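# Inside the fold
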Amino acid sequence: MLNPAMNQLVASLLDGDHAAALAEARRLRASGLAAEQIVTEGLEAAMRRLDDKCTVESFNLLEIMLVGRAVSAVANELYPEGVPPAQGRATFVIATLEGDVHDLGKNIAKMVLIGKGYRVVDLGKDCPLATLANAALREHAQAVLVSGLITSVIPQVRKVRAALDECGLAGIKLVAGGAALKQSSAEALNVDYVAETAFDGARYLDGLMREAP
Ligand code: B12
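Attention in this report is confined to the structure presented alongside it. What you are looking at is a predicted structure, and each value in this text was computed from that prediction instead of being measured. (Residues numbered from 1 in each chain as written. Predicted model: local features only at pLDDT ≥ 70, side-chain atom pairs only at ≥ 80, totals over all residues. Heavy atoms only, no water.)

## Considerations on the environment of Arg89
What counts is decided by this rule: Starting at the N terminus, helices and strands are each numbered in turn, a helix being any DSSP run of H or I of at least four residues and a strand any DSSP run of E of at least two. The contact criterion used is simple: two residues touch if any of their non-hydrogen atoms lie within 4.5 Å.
Structurally, Arg89 can be placed in the loop between helix H4 (61-78) and strand E1 (91-96). Remark: the alpha-carbon pair of Arg89 and Arg203, spanning 114 residues in sequence, is separated by 14 Å. Not counting residues within four places of it along the chain, the set of residues in contact with Arg89 comprises Lys116, Gly117, Tyr118 and Asp206.

Quick look at the structure:
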């Protein structure tokens, strides 16, 4: 059920009107709503409504891209990235794997983590396994994060652990997120944790980093 406080934001996002969506997001923040709530009850709710348009005959790429642009604008406003710290609390490498071009959720996860003071190396979308594993090694990452929105990318996700092992990164933590992956278990995906939302993933990583020696 849509939170009525989000009605205007969701409507502006679905219109692809990024100026109106930004203004409404600022108003919601000023009224005391947490950024986390605006993402989970506003941005994610708007994207769920887009679902039909991505599947039925009325599929309209331009419309979806405009909504995506509006979502990105609001996410950037809520989590201003600035310059990622050279020495963050820890370094993570994040990517959407080869075969999947969805990146809005990955970008939100990245911004949330940067907002918490982590250094996040973003390898973008459609990323080959070898590129991901090599970057984790090169950047001395403490965890590897993968985002997946289409079910056909799941076999790739299952291979990440082996690619990391081959690079000598056997113990590195591996976290999955995104609409397609969160329907699976950590065991099935061969990862350490499957995040329900960007914030759930960030809390898991916070816990790991607190435990780290
Ligand atoms: C926008 C969109 C697109 C845009 C993507 C724009 C972009 N730059 O990302 C475009 C138009 C390009 C697109 C293309 C396609 N799409 Co599309 N798309 C969507 C749509 C409508 C929204 C996805 C989205 O951005 N959600 C909002 C974000 C914020 O949510 P999220 O990713 O889950 O992220 C949140 C959390 O999960 C978490 N998170 C995400 N990643 C990670 C990672 C980590 C580590 C952590 C901790 C957290 C985390 O953080 C976010 C905030 O909490 C969905 C429908 C839906 N309801 O999901 C379909 C959907 C994902 N698409 C779908 C399909 C089929 C396609 C196409 C194959 C269509 C086609 N026939 O060509 C192509 C894909 C081509 C490819 N090879 O990848 C299907 C996938 C079905 C499936 N299960 O396999 C969906 C579900 C629609 C449907 N019902 O059929 N799509």
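Following the structure, the description resumes.
## Section: the packing of aromatic side chains
Using the following cut-off: Stacked, tilted and edge-to-face are the three classes applied to pairs of Phe, Tyr and Trp rings, where Trp contributes its six-membered ring and a pair requires centres within 6.5 Å; stacked means planes under 30 degrees apart, edge-to-face means over 60, and tilted covers the rest.
Using the criterion set out here, one finds 2 aromatic pairs in the structure. Taking 4.7 Å as the distance between ring centres and 40° as the angle between the ring planes, the aromatic pair formed by Phe92 and Tyr118 counts as tilted. With Phe92 in strand E1 and Tyr118 in the loop between helix H5 (104-115) and strand E2 (119-122), this residue pair connects regions lying 26 residues apart in the sequence. Seen from their ring centres, Tyr193 and Tyr204 are 4.1 Å apart, and the 5° between their planes marks the pair as stacked. Of this pair, Tyr193 sits in strand E5 (residues 193-194) while Tyr204 sits in helix H9 (residues 198-211), and the two are 11 residues apart along the sequence.

## Focus: the side chain of Glu24
Examined against the element boundaries, Glu24 turns out to sit in helix H2 (residues 18-30). Setting aside chain neighbours within four positions, we find Glu24 in contact with Ala5, Gln8 and Leu9.

## Concerning the packing of helix H6 (residues 129-138) against helix H7 (residues 154-166)
Inclusion rule: Note on definitions: angles span 0 to 180 degrees between N-to-C directions of axes, and those axes are lines fitted to C-alpha atoms, for helices only across the stretch in contact. Angle categories are assigned with fixed cut-offs, so that under 35 degrees is roughly parallel, over 145 is roughly antiparallel, 65 to 115 is roughly perpendicular, and the rest are oblique. Left-handed describes a crossing whose near helix is turned anticlockwise from the far helix by less than a right angle; the clockwise case is right-handed. Polar here means any residue other than Ala, Val, Leu, Ile, Met, Phe, Trp, Tyr, Cys and Pro, which are nonpolar, and Asp, Glu, Lys and Arg, which are charged; Gly is therefore polar.
One way to put it is that H6 packs onto H7 with a least axis distance of 9 Å and a crossing angle of 40°. With respect to H7, the element H6 is oriented oblique. The handedness of the crossing between H6 and H7 is right-handed. Contacts between H6 and H7 involve Leu129, Leu132, Ala133 and Ala136 from the first element and Gln156, Lys159, Val160, Ala163 and Leu164 from the second. Among the residues forming the contact of H6 with H7, the class breakdown is 7 nonpolar, 1 polar and 1 charged.

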